[in-house]
Amino acid sequence: MKKIKICHFGRKSFCATWDDVAQTLEQAVDGVNEFFIVEEHTMFPYLVVLVHMYCVPNEVDGGLLAFSDDVPTDLPPDGISIFYVNTPTEEIQIYNDYVIPKALAQTVVKDFVETGKMSNCVEWDEL
């Protein structure tokens with residue numbers, strides 16, 4: 001695995017192993033967090049994880065939002081969930097269709113840090 005940088009709510013973690021990544025993804029501030037994941041010394045591609053996730057493959061594309069019809073959550077399908085970005089108080093609303101289970105999100109992150117590419121275990125919609 002290449003060394004990656006994970007920025008999250010005012011902190012930076014440098015990870016050289018999957019265990020480092022998994023440990024960083026467990027960190028929270030007031031029970032919430034946002035993770036910006038990128039290979040060390042690069043800006044693109046990057047992956048953002050809020051439990052919903054999106055990937056920006058390069059500086060030209062607007063980004064892609066992950067979803068999975070194959071792995072259901074226990075959320076109401078027509079509902080909206082609140083996530084936090086940038087700070088523990090700045091809210092963003094995400095349709096539940098784009099919320100994926102934590103275990104699936106971890107697989108997407110693992111695929112990304114190992115390959116530098118979007119995972120094939122979820123589908124991606126253009127933002």
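Relevant structure appears above.
Before going into details, it helps to say that this report is about the structure given with it. (Residues numbered from 1 in each chain as written. Predicted model: local features only at pLDDT ≥ 70, side-chain atom pairs only at ≥ 80, totals over all residues. Heavy atoms only, no water.)

## Some details on the environment of Asp20
We count it as follows: Going along the chain from the N terminus, every DSSP run of H or I of four or more residues is numbered as a helix, and every run of E of two or more is numbered as a strand. The cut-offs for exposure are 20% and 50% of the maximum accessible area for each residue type, with area from a 1.4 Å probe on protein chains only; residues under the lower value are buried, those over the upper are exposed, and the others partly exposed.
Relative to the helices and strands, Asp20 resides in helix 1 (residues 18-25). By relative accessible area, Asp20 is classed as partly exposed at 28%. Through-space distance from the C-alpha of Asp20 to that of Asp61 is 29 Å; in sequence the pair is 41 residues apart.

## Let's talk about the nonpolar core
Applicable threshold: In this description, a nonpolar core means a group of buried Ala, Val, Leu, Ile, Met, Phe, Trp, Tyr and Cys residues linked to one another through side-chain atoms lying within 4.5 Å.
By size, the foremost hydrophobic cluster in this structure holds 21 residues, and its most contacted members are Ile37, Leu47, Val109 and Trp124. Mapped by element, the contributors of at least two residues to this core are strand 1 (4-8), helix 1, strand 3 (35-39), strand 4 (46-49), strand 6 (64-67) and helix 2 (102-115). No other element matches the 6 residues that helix 2 contributes to this core.

## Things to note about the packing of helix 1 against helix 2
Rules: Between N-to-C directions, angles cover 0 to 180 degrees, with each direction set by a line fitted to C-alpha atoms, over the stretch in contact for helices. When describing relative orientation, an angle under 35 degrees is termed roughly parallel and one over 145 degrees roughly antiparallel, while 65 to 115 degrees is termed roughly perpendicular and anything else oblique. By the definition used in this description, the sense in which the near helix is turned from the far one sets the handedness, with an anticlockwise turn below a right angle giving left-handed and a clockwise turn giving right-handed. Residue contacts follow a heavy-atom distance rule, with two residues in contact if any of their heavy atoms lie within 4.5 Å. Three residue categories are used. Nonpolar comprises Ala, Val, Leu, Ile, Met, Phe, Trp, Tyr, Cys and Pro, charged comprises Asp, Glu, Lys and Arg, and polar comprises the others, including Gly.
Where helix 1 contacts helix 2, the two axes come as close as 11 Å, and the packing angle between them is 140°. As far as their axial angle goes, helix 2 and helix 1 are oblique. Classified by chirality, the crossing of helix 2 by helix 1 is right-handed. Along its contact with helix 1, which presents Trp18, Val21 and Leu25, the element helix 2 presents Gln106, Val109, Lys110 and Val113. When its residues are assigned to classes, the contact of helix 1 with helix 2 shows 5 nonpolar, 1 polar and 1 charged.

## A word on unusual backbone geometry
Most peptide bonds are trans, and most residues other than glycine sit at a negative phi. Following Phe44, the chain continues into Pro45 via a peptide bond in cis, with omega recorded as -10°. By secondary structure assignment, the location of Pro45 is in the loop between strand 3 and strand 4. One non-glycine residue, His41, lies in positive phi territory at about 70°. With respect to the helices, strands and loops of the structure, His41 is situated in the loop between strand 3 and strand 4. Judged by its relative accessible area of 74%, His41 falls in the exposed class. In the Ramachandran plot, Asn86 falls in the positive-phi region, its phi being about 70° despite a non-glycine side chain.

Such coordinate-based values are descriptive only and should not be taken to indicate function.
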